[in-house]
Amino acid sequence: MKYDVVVVGAGIAGPIVARNVAKAGYSVLLIDKKPAIGSPKQCAEGISIKVFDKYDIPYDRRYINREIYGARIYSPSGYELELRYNEVSGVILERKVFDKMLAYYAAKAGADVLARTEALDVIRKDGKVAGIKAKHEDEPVEIYADIIVAADGVESTVARKAGINTYAPPHEFDSSYEYEMLIEGFDPDLIHLWFGNEVAPRGYVWVFPKDEDRANVGIGIASDHPQTAKYYLDKWLKENNIPMKKILEVNVGLVPVGGFVKELVKENVLVVGDAARQVNPMHGGGMAEAMEAGTIASKWIVKALEEENLSLLQNYTAEWWEKDGKRLEGVLRVRRVTEKLTDEDLDLFIQILSGADAEKIAGGDYVEVIKALLTHPKVLMSRRRLSLLKELL
Amino acid sequence: MPEKIRVVVNEDRCYLCGGCAGVCPALAIEVHASGWEFFQDRCIGCRICINACPVGALSAEPLGVKE
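Right, let's walk through the structure included here. Keep in mind the model is a prediction, meaning the values are calculated, not measured.

We now examine unusual backbone geometry. All names here are of chain A. Residues serine 39 and proline 40 are joined by a peptide bond in cis, for which omega reads 0°. Among the structural elements, proline 40 can be located in the loop between β2 (28–31) and β3 (46–48). One non-glycine residue, glutamate 137, lies in the positive phi region at around 50°. With respect to the secondary-structure elements, glutamate 137 resides in the loop between β10 (128–136) and β11 (139–150).

As structure tokens, then:
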């Protein structure tokens with residue numbers, strides 16, 4: 001088989017690349033090792049409503065479980081901060097349908113798509129990566145391509161075999177565990193987040209509603225923590241008297257929350273999405289980041305093919321770092337500071353912010369958040385708190 | 001001297017999520033659609049994979065000490 005571009009992995013970034021490149025008229029093959037694209041998911045399924053227009057994705061009820069109007073944040077001692085919009089701010093997706101539909105959009109744009117096709121290694125010719133050795137069911141397949149896109153998730157098999165350094169230290173990953181379950185008593189128009197060093201070390205517990213009484217209930221904790229994510233989630237459910245007898249799914253995965261890949265391109269191989277560690281380090285969401293990276297990568301793939309100049313692919317690294325990379329490094333800095341917060345700090349900060357300008361906080365204006373915190377006497381009187389907050393300005 | 005270990009998986013717990021392969025600095029684990037694979041000759045005994053597994057599906061069997 002020979003294509004202009006082969007894309008390995010049909011999560012979020014892969015189908016976006018495949019769709020955009022196929023739309024420009026080039027031959028593309030999108031492969032995924034799973035028999036059903038999108039399943040199993042490794043995701044809490046929440047995403048901002050802005051992405052649909054921005055990345056030209058239909059707002060299709062087939063994969064939108066629920067519209068969300070904001071968030072409620074809970075401190076370790078139970079103080080609450082509610083950020084509620086009058087309009088829909090995000091949605092909870094059904095990833096199993098969404099991912100498959102993204103692959104469908106790629107196929108409709110002209111790409112070939114092969115599920116249950118696992119990339120095992122790269123093919124090298126004259127020292128250069130010339131394609132992918134794969135397996136479709138039990139049949140070996142050789143796929144040759146001018147450009148190879150590694151969108152193969154956290155394990156990044158293809159990227160690493162192609163010699164792209166995707167290594168990140170263990171502290172730059174979250175271990176994540178989630179139930180889709182029946183759960184009652186939480187406002188289904190909001191996502192709910194619990195913070196605390198005893199609740200979820202470095203991370204948080206989430207409830208993302210899919211129905212009035214059904215939600216993704218999950219946790220992310222630092223992957224170098226001695227206890228497992230499952231241990232902490234089960235503990236939280238037990239302590240909150242939430243029955244665990246209506247579990248519809250169990251989802252497991254590792255989430256990169258830092259350690260962004262420096263060189264996103266090696267000759268004719270590009271890495272995108274989780275494989276490139278392109279995830280928001282604060283909340284661990286990576287779908288919007290994958291869409292952005294996929295969009296930038298596909299733009300430079302098309303230009304490189306048009307001008308028959310593969311060195312143009314290097315512009316993907318430059319443009320991603322100039323746009324999203326710089327922003328995410330800033331978010332990573334915030335995450336590293338928040339890791340130093342005690343439960344007492346979290347209680348105090350959430351108390352202070354619940355009386356502050358919720359609109360600005362909801363808009364993600366970190367400077368306004370920090371300013372609101374810095375004016376409080378209990379912050380002003382603590383040298384440690386002052387110093388932590390000033391690190392963020 | 002680093003301890004030499006064999007990483008083993010409890011298949012009943014493992015979800016084949018690929019996380020252990022993602023954090024392994026030595027490419028000593030591959031997670032395929034059909035199963036989990038460990039490459040003893042590449043393992044550096046760092047135990048990062050064991051800690052990172054969200055469900056505790058991995059453990060180590062000691063193999064002695066490297067020269």
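What follows is about the environment of A:Arg214. Residues and elements named next belong to chain A. In this structure, arginine 214 sits in strand β15 (residues 214–222). In this structure the C-alpha to C-alpha distance between arginine 214 and leucine 182, which are 32 residues apart in sequence, comes to 4.3 Å. Among residues more than four places away in sequence, those in contact with arginine 214 are Asn65, Glu180, Met181, Leu182, Ile183, Pro209 and Leu248. Within the local environment of arginine 214, its side chain forms a polar contact with the side chain of aspartate 211, the two groups lying 2.8 Å apart.

Now for the state of the cysteines. This model, assessed by the stated rule, comprises 0 disulfides over all chains. Sulfur of A:Cys43: no disulfide; nearest cysteine sulfur belongs to B:Cys17 and is 14 Å away. For A:Cys43, a relative accessible area of 16% puts it in the buried group.

Residue and element names in this part refer to chain A. One open sheet holds the 3 strands; their spatial order is β3-β7-β4, and the pairing between them is antiparallel. Strands at the two margins of the open sheet, each flanked by one partner only, are β3 and β4 (64–68). Averaged over neighbouring strand pairs, the angle between their axes works out to 30° when direction is ignored. Inspection of the sheet shows β4 paired to strand β7 (residues 90–93) by 4 bridges, in the antiparallel sense. Its bridge partner lying in β7, isoleucine 64 is registered against leucine 93.

Rules of the game
Residues numbered from 1 in each chain as written. Chains lettered and ligands numbered in written order. Predicted model: local features only at pLDDT ≥ 70, side-chain atom pairs only at ≥ 80, totals over all residues. Heavy atoms only, no water. Helix = DSSP H or I, 4+ residues; strand = E, 2+ residues; numbered from the N terminus. Contact = heavy atoms within 4.5 Å. Polar contact = N/O pair within 3.5 Å; in protein donor to acceptor, adjacent residues only side chain to side chain. Disulfide = S-S within 2.5 Å. Buried < 20%, exposed > 50% of the residue type's maximum accessible area, 1.4 Å probe, protein only. Pairing = 2+ DSSP bridges. Axes fitted to C-alpha atoms, helices over the stretch in contact; angles between N-to-C directions.

Limitation: the analysis is restricted to geometry and does not speak to function.
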